Amino acid sequence: MKPTEESDEFVVTLNQMVDLLAKSKHTKIWEKKLRSLTAKTTLHIDDLRAQIKQMYGGMGSINDIYLQLPNGDPDYESTVQFSQLATELYRLVSRPSQNPDDDEAIVPMKEQSRRLVIVERPDGIFSIAEEYYYIFEDSGEVISEGWDQLPAEGLFETFVLARQEALTIARSR
């Protein structure tokens, strides 16, 4: 992954989370996992996004981390801070890429909560991914919102070919 302002934001947030985990008891596995993500310099930004998103949701996910003091007592302050950082990290990886070609890479669909995005794979081949807009609410309060991406489909040698296909798909749906 070439360092960008976008990836730097991910790494700064991950490092803050690692610092909190390092001070806590029983979180070494998560500390190691997050630390390894900050070191993946060859990873494409979209792959890093996907790996980070996989840590969220379900039992035993990053959402379930509860920090403890070295003596085993609950560390409420650090747990709240960690949770806020985890929420911020998810927000960062869920926002649209800051790729300068975003205007051409995003193809709107008839249903406004859906769109097609042309993505370039690490091998230079292009694919089309459908995205949908989500809003998570709890008791009427918006917890999280943004675009989430379904797995990419198709293989196209050039961006132009992928965009032509995305336009055809968008018109048919």
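Residues numbered from 1 in each chain as written. Predicted model: local features only at pLDDT ≥ 70, side-chain atom pairs only at ≥ 80, totals over all residues. Heavy atoms only, no water.

Asker: Whenever I open this one, the pattern of salt bridges confuses me. Can you help?
Answerer: Side chains bearing opposite charge may pair, as long as their charged atoms lie close to each other. Taken as a whole, this structure holds 7 salt bridges when the rule is applied. With a shortest N-O distance of 2.8 Å, Arg 35 and Glu 31 are connected by a salt bridge. Of this pair, Arg 35 and Glu 31 both sit in helix α2 (residues 28-38), separated by 4 residues, roughly a single helical turn. Residue classification places Arg 35 among the partly exposed residues on the basis of a relative accessible area of 43%. (Salt bridge = Lys/Arg side-chain N within 4 Å of Asp/Glu carboxyl O. Helix = DSSP H or I, 4+ residues; strand = E, 2+ residues; numbered from the N terminus. Buried < 20%, exposed > 50% of the residue type's maximum accessible area, 1.4 Å probe, protein only.)

Asker: Is there a simple way to explain the side chain of Ser 61 in this structure?
Answerer: For Ser 61, the position within the fold is in the loop between α3 (45-53) and α4 (76-94). Given a relative accessible area of 5%, Ser 61 falls into the buried group. Polar side-chain contacts of Ser 61 include one of 3.1 Å to the backbone oxygen of Gly 58. The residues touching Ser 61, leaving out its near neighbours within four places in the chain, are Trp 30, Met 55 and Tyr 56. (Polar contact = N/O pair within 3.5 Å; in protein donor to acceptor, adjacent residues only side chain to side chain. Contact = heavy atoms within 4.5 Å.)

Asker: How do you make sense of the layout of surface pockets when you look at a structure like this?
Answerer: Empty space left among the atoms is revealed by rolling a probe the size of a water molecule over them. For the second largest pocket, the calculated volume is near 410 Å³. Considering the residues around the second largest pocket, the lining is formed by 17 residues, among which Tyr 56, Asn 63, Thr 87, Tyr 90 and Ser 144 are closest to the centre. Mapped by element, the contributors of at least two residues to the lining of the second largest pocket are α4 and β4 (141-149). Considering each element in turn, the lining of the second largest pocket owes the most residues, 7 residues, to α4. For the lining of the second largest pocket, the class distribution of residues is 8 nonpolar, 6 polar and 3 charged. (1 Å grid on protein atoms, 1.4 Å probe; cavity = no way out; pocket = protein on both sides within 12 Å on 5 of 7 lines; lining within 4 Å. Points joined across faces, edges and corners; volume = space filled by probe spheres on them. Nonpolar A, V, L, I, M, F, W, Y, C, P; charged D, E, K, R; others polar.)

Asker: How should I be thinking about the nonpolar core in this particular structure?
Answerer: Where a protein is soluble and globular, its nonpolar side chains tend to be buried together. In terms of nonpolar packing, the biggest core is built from 25 residues, with Met 17, Leu 34, Ile 52, Met 55, Tyr 56, Ile 62 and Phe 82 touching the most fellow members. Counting only elements with at least two residues in this core, the list comes to α1 (5-22), α2, α3 and α4. With 7 residues, the single largest contributor to this core is α4. Setting aside anything within four residues of it in sequence, one finds Met 17 in contact with Leu 34, Ile 62, Phe 82, Leu 85, Ala 86 and Leu 89. Val 107, Met 109, Phe 126 and Phe 156 belong to the second largest nonpolar core, which has 11 residues in total. (Core = buried A, V, L, I, M, F, W, Y, C linked by side-chain atoms within 4.5 Å.)

Asker: Would you mind going over the pairing of β4 with me for this structure?
Answerer: The side chains of a regular strand alternate, residue by residue, between the two faces of the sheet. Judged from the 8 bridges that link them, strand β3 (residues 126-138) and β4 form a sheet pairing that is antiparallel. Residue pairing for β4: Asp 138 is matched across the bridge by Glu 141. Count of turn residues in the β3/β4 antiparallel hairpin: 2 residues, of which Ser 139 carries a positive phi of about 55 degrees. (Pairing = 2+ DSSP bridges.)

Asker: When you look at the side chain of Lys 53 in this model, what are you seeing that I'm missing?
Answerer: Tracing the sequence through the fold places Lys 53 in helix α3. Looking at Lys 53, its side chain comes within polar contact range of the side chain of Asp 148, at 2.9 Å. Discounting chain neighbours no more than four positions away, the residues touching Lys 53 are Tyr 90, Val 93, Ser 94, Trp 147, Asp 148 and Gln 149.

Asker: For this particular structure, what's the right way to read α2?
Answerer: Three or four residues apart is the spacing at which side chains of an α-helix point the same way, because the helix has 3.6 residues per turn. Three or more residues of α2 are buried, namely Trp 30, Glu 31, Leu 34 and Leu 37. The buried side chains of α2 occupy one side of the element, clustering within an arc of 125 degrees when seen end-on. Exposed side chains of α2 directed beyond 90 degrees from the buried face belong to Ile 29 and Lys 32. (Arc of directions from axis to C-beta.)

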